[in-house]
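Here is what each chain is made of, one letter per residue.
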Amino acid sequence: MARTPILAGNWKMHGTIAEAKDLASGLAARVGSRSDRGVVLAPPCTALATVREAVAGTRIVVAAQNMSWADKGAFTGEVSPVMLADLGVGHVILGHSERREIFGETDEVVRKKVEAALKHGFTSIVCVGETLAERDAGRTLEVVKRQVDAALNGLGNDAGSKIVVAYEPVWAIGTGRVATREQAQEVHGEIRGLLRDLGLPADAIAILYGGSVKPDNVDGLMAEPDIDGALVGGASLEVESFTRIVEYRA
Ligand code: PGA
């Protein structure tokens, strides 16, 4: 498989600058020189500069958890791609289910952000996933396809190298209820087919699984052919557990 596995830690709204520095330095020492796996850390905005400094000289990449689709202007509370680039950040998580559910981000907003990210040369980790009600109603694939299509349709083949997809079933996020590897693989396979249908280089695009990934379930998930990595919340907040996840054995 040509795809380099990606293990991304989404720290969400956790940590002071001092805590972020400790965590990033600890991870830099443990997994900072791995070249066979992409390691991404997404600290809160306030700690981006510190974390970048802490991982300087390693292979670890720093990502923002969100960004505005606008370059600048009257958008109180927003952070623009220009500002992130100014910090040396070139990766961003977009359309996380918490952004969609709590802050009302629609498919259209996520699309605008993906376009802004591409315009500024960012790599986007685009999140999709169904709620429990949608899964129970048998609508998982329909929902995920709608989200992928809205975010990525018509971007053109060249965009492929700047896109990572994260499949995160909403019912598995922060609940301890991980999707089985078979459930995840099924959706990942569908997403890869859809990427191909959209004219994107599907075999080169990493599709990450997210939702209660832990040291004790990562190996099984990573053994599946279309699971190319993990987007990790809770278990990314400690050096030991995230190191074990980066060092998964499939
Ligand atoms: P979790 O979060 O690992 O804590 O379930 C995953 C995510 O929301 O990206």
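Please refer to the structure placed before this passage.
If you're wondering where the values come from, they're calculated on a predicted model, not measured in any experiment.

Brief notes about the pairing of strand S6 (residues 163-167)
Stage number 1. With respect to burial, S6 is a largely interior element, five of its five residues being buried.
Stage number 2. Neither face of S6 is open: one carries Ile 163, Val 165 and Tyr 167, the other Val 164 and Ala 166, and all of them are buried.
Stage number 3. Sheet analysis places strand S5 (residues 123-128) next to S6, joined by five bridges and oriented parallel. Looking across to S6, one finds that Ser 124 is bridged to Ile 163.
Stage number 4. Where S6 and strand S7 (residues 207-210) come together, three bridges link them in parallel fashion.

Here's the deal with the pairing of S5
Stage number 1. Burial runs high along S5: six of the six residues are buried.
Stage number 2. Where burial is concerned, the two faces of S5 agree: the one with Thr 123, Ile 125 and Cys 127 and the one with Ser 124, Val 126 and Val 128 are both buried.

As for the packing of helix H7 (residues 140-152) against helix H8 (residues 181-197)
Stage number 1. Contact geometry for H7 and H8: axes closest at 10 Å, N-to-C directions at 35°. In the crossing of H7 with H8, the sense of the turn from one axis to the other is right-handed. Seen from H7, the contacting residues are Thr 140, Leu 141, Val 144, Lys 145, Val 148, Asp 149 and Leu 152; seen from H8, they are Glu 186, Val 187, Glu 190, Ile 191, Leu 194 and Leu 195.
Stage number 2. Looking at the contact of H7 with H8, its residues break down into eight nonpolar, one polar and four charged.

Some remarks on the site of the ligand
Stage number 1. Taken together, 13 residues lie around the ligand, and Lys 12, His 96, Glu 168, Gly 174 and Ser 212 are the ones closest in.
Stage number 2. One nitrogen or oxygen atom from the side chain of Lys 12 is found 2.8 Å from an oxygen atom belonging to the ligand.
Stage number 3. In this structure, Gly 174 approaches the ligand through a main-chain N or O atom, which is 2.7 Å from an oxygen atom.
Stage number 4. Across the complex, the protein chains shield 96% of the 280 Å² of accessible surface that the ligand would expose by itself.
Stage number 5. Residues belonging to the shell around the ligand are distributed by class as follows: four nonpolar, seven polar and two charged.

What counts and what doesn't
Residues numbered from 1 in each chain as written. Predicted model: local features only at pLDDT ≥ 70, side-chain atom pairs only at ≥ 80, totals over all residues. Heavy atoms only, no water. Buried < 20%, exposed > 50% of the residue type's maximum accessible area, 1.4 Å probe, protein only. Helix = DSSP H or I, 4+ residues; strand = E, 2+ residues; numbered from the N terminus. Pairing = 2+ DSSP bridges. Axes fitted to C-alpha atoms, helices over the stretch in contact; angles between N-to-C directions. Left-handed = near helix turned anticlockwise from the far one by under 90°. Contact = heavy atoms within 4.5 Å. Nonpolar A, V, L, I, M, F, W, Y, C, P; charged D, E, K, R; others polar. Near = heavy atom within 4 Å. Polar contact = N/O pair within 3.5 Å; in protein donor to acceptor, adjacent residues only side chain to side chain. Areas by Shrake-Rupley, 256 points an atom, 1.4 Å probe, with all protein chains shown as cover.

Geometric values such as these leave the question of function open.
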